[in-house]
Amino acid sequence: MLIKRPTDYLPSEITSETVYRRRREFVKAAAAGTILGATGGTARADDSGLRQLANVAASPLSTFEKPTADKYVTHYNNYYEFGTDKSDPVQHAGRLKTRPWTVAVEGECRKPRTFAIEELLKFPLQERVYRLRCVEAWSMVVPWIGFELGALLRQVEPTGNAKFVEFTTAYQPDAMIGVRLPVLDWPYVEGLRMDEAMHPLAILAVGLYGEVLPNQNGAPIRVVVPWKYGFKSAKSIVRIRLAGKQPSTAWEKASPREYGFYSNVNPNVDHPRWSQQRERRIPEFFARRDTVIFNGYGDQVAQLYAGMDLKKYF
Ligand code: MTE
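None of these values were measured; they are calculated from a predicted model.

Engineer: Can you break down the packing of aromatic side chains residue by residue, with the values?
Structural biologist: For any pair of aromatic rings, geometry is given as the distance between the ring centres together with the angle between the planes. Per the counting criterion, the structure on display carries 14 aromatic pairs. A cation over a ring is seen here: R131 above Y297, with NZ or CZ 4.6 Å from the ring centre. In this arrangement the basic side chain of K232 is found over the ring face of F261, its NZ or CZ atom lying 4.3 Å from the centre.

Engineer: Outline the site of the ligand, listing residues and values.
Structural biologist: Close contacts around the ligand come from 17 residues, with N77, Y80, E81, R222 and K235 the closest. For the ligand, an oxygen atom lies 2.7 Å from a polar atom in the side chain of R222. Contact between the ligand and S233: a nitrogen atom at 2.9 Å from a main-chain N or O atom of the residue. About the coverage of the ligand: the protein hides 98% of its 540 Å² of free accessible area. Here the residues of the shell around the ligand sort into 8 nonpolar, 6 polar and 3 charged.

Engineer: Could you give an account of unusual backbone geometry, naming the residues involved and the relevant values?
Structural biologist: With an omega of -10 degrees, the peptide bond between R99 and P100 qualifies as cis. Along the chain, P100 turns up in the loop between α4 (88-92) and β2 (102-107). In this chain, A219 is followed by P220 through a cis amide linkage whose omega measures -5 degrees. With phi around 50 degrees, S236 is a residue other than glycine that occupies positive phi space.

Engineer: An account of the pairing of strand β3 (residues 113-116) is needed here, citing residue identities and associated values.
Structural biologist: Strand direction decides the pairing type here: β2 and β3, joined by 4 bridges, are antiparallel. Looking across to β3, one finds that V105 is bridged to R113.

Calculation criteria
Residues numbered from 1 in each chain as written. Predicted model: local features only at pLDDT ≥ 70, side-chain atom pairs only at ≥ 80, totals over all residues. Heavy atoms only, no water. Phe/Tyr/Trp six-rings, centres within 6.5 Å; stacked < 30°, edge-to-face > 60°. Lys NZ or Arg CZ within 6 Å of the ring centre and 35° of its normal. Near = heavy atom within 4 Å. Polar contact = N/O pair within 3.5 Å; in protein donor to acceptor, adjacent residues only side chain to side chain. Areas by Shrake-Rupley, 256 points an atom, 1.4 Å probe, with all protein chains shown as cover. Nonpolar A, V, L, I, M, F, W, Y, C, P; charged D, E, K, R; others polar. Helix = DSSP H or I, 4+ residues; strand = E, 2+ residues; numbered from the N terminus. Pairing = 2+ DSSP bridges.

Limitation: the analysis is restricted to geometry and does not speak to function.
Okay, here's the thing in structure tokens:
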């Protein structure tokens, strides 16, 4: 078994100065583009010309597994609005218009508000190196830059009726060649239960490898929920709605038998068409490693599902 237990964020290590320094050096190296693999050469300044993200702190919640090289993180993508092949997003997402950009946060809250992307970039940014496990049984390790989703939600003061969070993503038919086909019920919508959304591991990412998000990875802002299959991590978010009822998501609508609302990474619950027990770490081709329940984040999130039948609530 190649996956090691996630001892890499034991509390004893979190406070260690060496670990902290190592992370800081990594962040600096990533920003300078000198880190292993950060040579993709993708021009990725956003529509405002911003490229490098400043004041990024290290996070004790990062894994120390080696990040997947930049060229794979940014060239092997799922962003169906730009086509269904892994190479489509990098070819076509350049047309996505990322400025002006706002995210409306509304619904069951006392202070609904629309945030300009410029305001969101002022949230305390951290680098979070997370494992990303796609439902298609491949995985990567991505050095995201972002801030806690909970920090944004607290600003609008959710009411007691807020039980779920719904994410609606950009729909730009002029730019998105993929939405011409009814692959999904556009716009792409995803959702989380409120306690999942407030969990410190759930972030809104605005960058990766020290720079703003390339369009194909969900510029200018996307969710990242590392213990769930990658499709829960909706890209290019324009609206976050606090809701009393469980949102109806794009993948559930497309195939409810195959894609559940929870979609926690779980090697014990197979997709109806393939096993979820093993995964291929990009760019490895033949090697397979064991998939770990909750993508290895069980110590932090398993209690969210205490008493739930995970085969029923898959
Ligand atoms: N968000 C939108 N709007 N459209 C999509 O097609 N694909 C999802 C998710 N978010 C998708 C999306 C899937 S299936 C995965 S695995 C991840 O994005 C992939 O993220 P990455 O390309 O940055 O690795």
